[in-house]
Amino acid sequence: MRSRDDLYDVVVAGGGPAGAAAALALLREGRTVVLADAATGAPSVGEALPAAAGVLLRDLGVGDRIPGDGHLPCYANLSAWGSPALGAVDSVNDPHGPGWHLDRLLFDRRLRACAQAAGAHVETRTTVRPRARHADGTWTVALRRADDRRIDDHPADDRRTVRCRWLVDTTGRRAAIATACGARRRTYDRLIALHCVLGRDREVRADNSTLVEAAPDGWWYAAALPSERLLVVWFTDADLPAARTGPPWLDRLAATRHIAARAGAGLRHGRAARVTPRRAPAHTARLDRVHGDGWTAAGDAAAAFDPLSSQGILTALYTGMRAGEAVAARLGGDAADLDHYAANVDGIVAAHLRNRHTYYAFEQRWPHRPFWRRRHRAP
Ligand SMILES: Cc1cc2nc3c(=O)[nH]c(=O)nc-3n(C[C@H](O)[C@H](O)[C@H](O)COP(=O)(O)OP(=O)(O)OC[C@H]3O[C@@H](n4cnc5c(N)ncnc54)[C@H](O)[C@@H]3O)c2cc1C
């Protein structure tokens, strides 16, 4: 790391898809970038990448390397939605071809490696925290390694602070930088995800389709992972009894028709081992503003979507790239593109809310259950 007096154009906080895309776009415009990611190894949830992402990855100049090998192709999306029967959307009808079931750790790591190869200073296991804003508009930013003591224990340690002209917040749903700068996060629902990984049943191992199954209090999702395991997720509202974890969760899973069949022996082993799911927020949310004095937000930090859309990674790549371009323009003296970027995000959120309402309206079997009643109201 350079000394305290070295000035970077931009510090990008958060090294998921949005952060890497922002860094790549900034570097392409000749900007100097620190890309710091706090993750300590726990895999991110979110693995289905639509084929259209290939276009964005090419726009970012990494389409020859990303996603690369180590992921599974996904040829179809199956869903029991609106009736118990399974419907299929086959990739044969998609002009972009099949999508992917990603190894998320590998995907995110490769994107960061591309940013590094393009000239970014990449720090992993490192949390970004703004320390001071100076009269000339630059920031002093603290970088804390996960295995270090508290930042405040190292006030004089030059290696742990940098200066920059702009901050990009790609910290995911927590939007750590934007909210510290006064932006407010609006949430639209209380959706949470309870997720676990089961052993993959040998009999259904060849099936790489995604599977969605609606239920009275939410919906299930299953997808094969490149690790030969099966990701199973239950989506419901955080305030409903169906959000409880513990052994009844696997009983609920066993009562499904299609997801239980897909899990097969993996479910039996999971029940025997008393596997309990992990919780993750999955609600739709957005910031009231995606840029301010000296900062810009992108990815889930700017707007996070109901995973039913399977658009989260795609949108993170797109908004990351657009935010990077707009910040580069702003540093070059053109402030207008930041407003264009904000209008882009408004449009994406409006389209998501419309599509979310339309899709939930297709399921009318349980109109009086709170989960569905809430989603059938006008957006
Ligand atoms: C249950 C669930 C299932 C999903 N399934 C899908 C799916 O199938 N397909 C899909 O496209 N999307 C899916 N998504 C959404 C998708 O995962 C996200 O939209 C996507 O990861 C957003 O990327 P991002 O770069 O904005 O944020 P993230 O991927 O969340 O990355 C943010 C990074 O910032 C780091 N960070 C946080 N604070 C700091 C800090 N102060 N300094 C430095 N680093 C920091 C975090 O550690 C993290 O590594 C799903 C989401 C959920 C909850």
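The rules behind the values
Residue numbers here run from 1 along each chain, matching the order of that chain's written sequence. In view of the model being predicted, local features appear only for residues whose pLDDT reaches at least 70, and side-chain atom pairs are presented and counted only at 80 or more, with totals across whole chains, interfaces and linings using the full set of residues. Note that the side-chain values use all heavy atoms of the structure and ignore hydrogens as well as water. Only buried residues count toward a nonpolar core. Its members are Ala, Val, Leu, Ile, Met, Phe, Trp, Tyr and Cys residues joined through side-chain atoms within 4.5 Å. Here's how the labels work: a residue is buried when its accessible area is under 20% of the maximum for its type, exposed when over 50%, partly exposed in between, all with a 1.4 Å probe on protein chains only. Numbering of helices and strands runs from the N terminus, with a helix taken as a DSSP run of H or I at least four residues long and a strand as a DSSP run of E at least two residues long. One heavy atom suffices: a residue is near a molecule or strand as soon as one of its heavy atoms comes within 4 Å of it. Each polar contact in these results corresponds to two N or O atoms within 3.5 Å; when the atoms are within protein, one needs to be able to donate a hydrogen and the other to accept it, and residues that are neighboring in sequence are counted only if both atoms are side-chain atoms. The method behind every accessible area is Shrake-Rupley, applied with a 1.4 Å probe, and residues are considered shielded solely by the protein chains displayed. Ten residues, namely Ala, Val, Leu, Ile, Met, Phe, Trp, Tyr, Cys and Pro, are considered nonpolar, four, namely Asp, Glu, Lys and Arg, are considered charged, and the remaining ones, Gly among them, are considered polar. Should DSSP find at least two bridges between two strands, the strands are taken to pair. For every domain, the bounds stem from an assignment made automatically or drawn from a database. Note on definitions: a residue-residue contact is assigned when non-hydrogen atoms from the two residues lie within 4.5 Å. Take the accessible area each of two parts loses on contact, using a 1.4 Å probe, and add the two losses: that sum is the buried area. By definition, a salt bridge exists where a carboxyl oxygen of Asp or Glu is found within 4 Å of a side-chain nitrogen of Lys or Arg.

Section: the nonpolar core
And then number 1: In this structure, Val141 and Leu317 are the most contacted members of the largest nonpolar core, which totals 68 residues.
And then number 2: Sorting elements by how many residues they give to this core places helix H8 (residues 312–331) first, with nine residues.
And then number 3: One finds Ala76, Leu194, Ala222 and Leu230 within the second-largest nonpolar core, a separate group that totals 22 residues.

Looking at the site of the ligand
And then number 1: Among the 31 residues in the neighbourhood of the ligand, the closest are listed as Asp37, Ala48, Val128, Asp300 and Ile313.
And then number 2: The contact in question runs from an oxygen atom of the ligand to an N or O atom on the backbone of Ala39, over 3.3 Å.
And then number 3: Note that an oxygen atom of the ligand is positioned 2.8 Å from one of the side-chain N or O atoms of Asp300.
And then number 4: Considered on its own, the ligand offers 1,000 Å² of accessible surface; in the complex 90% of this is hidden by protein.
And then number 5: Of all the elements in the fold, those that place two or more residues in the shell around the ligand are helix H1 (17–28), strand S9 (126–133) and H8.
And then number 6: By residue class, the composition of the shell around the ligand is 14 nonpolar, twelve polar and five charged.

Section: the sheet that holds strand S21 (residues 303–304)
And then number 1: Read across the sheet, three strands follow the order S12-S18-S21 without closing on themselves; strand pairing throughout is antiparallel. Of all strands in the sheet, those with a lone pairing partner are strand S12 (185–187) and S21, marking the two edges.
And then number 2: Note: strand S18 (residues 285–287) against S21, two bridges, orientation antiparallel. From the neighbouring strand, Arg286 faces S21, where its bridge partner is Ala303.

Quick notes on the domain arrangement of the protein chain
And then number 1: Domains assigned within the protein chain are domain 1 (7–67 + 103–186 + 284–354) and domain 2 (191–281).
And then number 2: Measuring from the centre of the C-alpha atoms in domain 1 to the corresponding centre in domain 2 gives 31 Å.
And then number 3: Tallying the contact residues gives nine residues for domain 1 and 13 residues for domain 2.
And then number 4: Taking both sides of the interface into account, the surface hidden between domain 1 and domain 2 amounts to around 800 Å²; carbon and sulfur atoms contribute 71%.
And then number 5: In terms of surface lost to domain 2, no three residues of domain 1 exceed Val45, Glu47 and Leu308, which account for 48% of the buried area on that side.
And then number 6: Between domain 1 and domain 2 we count zero salt bridges in total.

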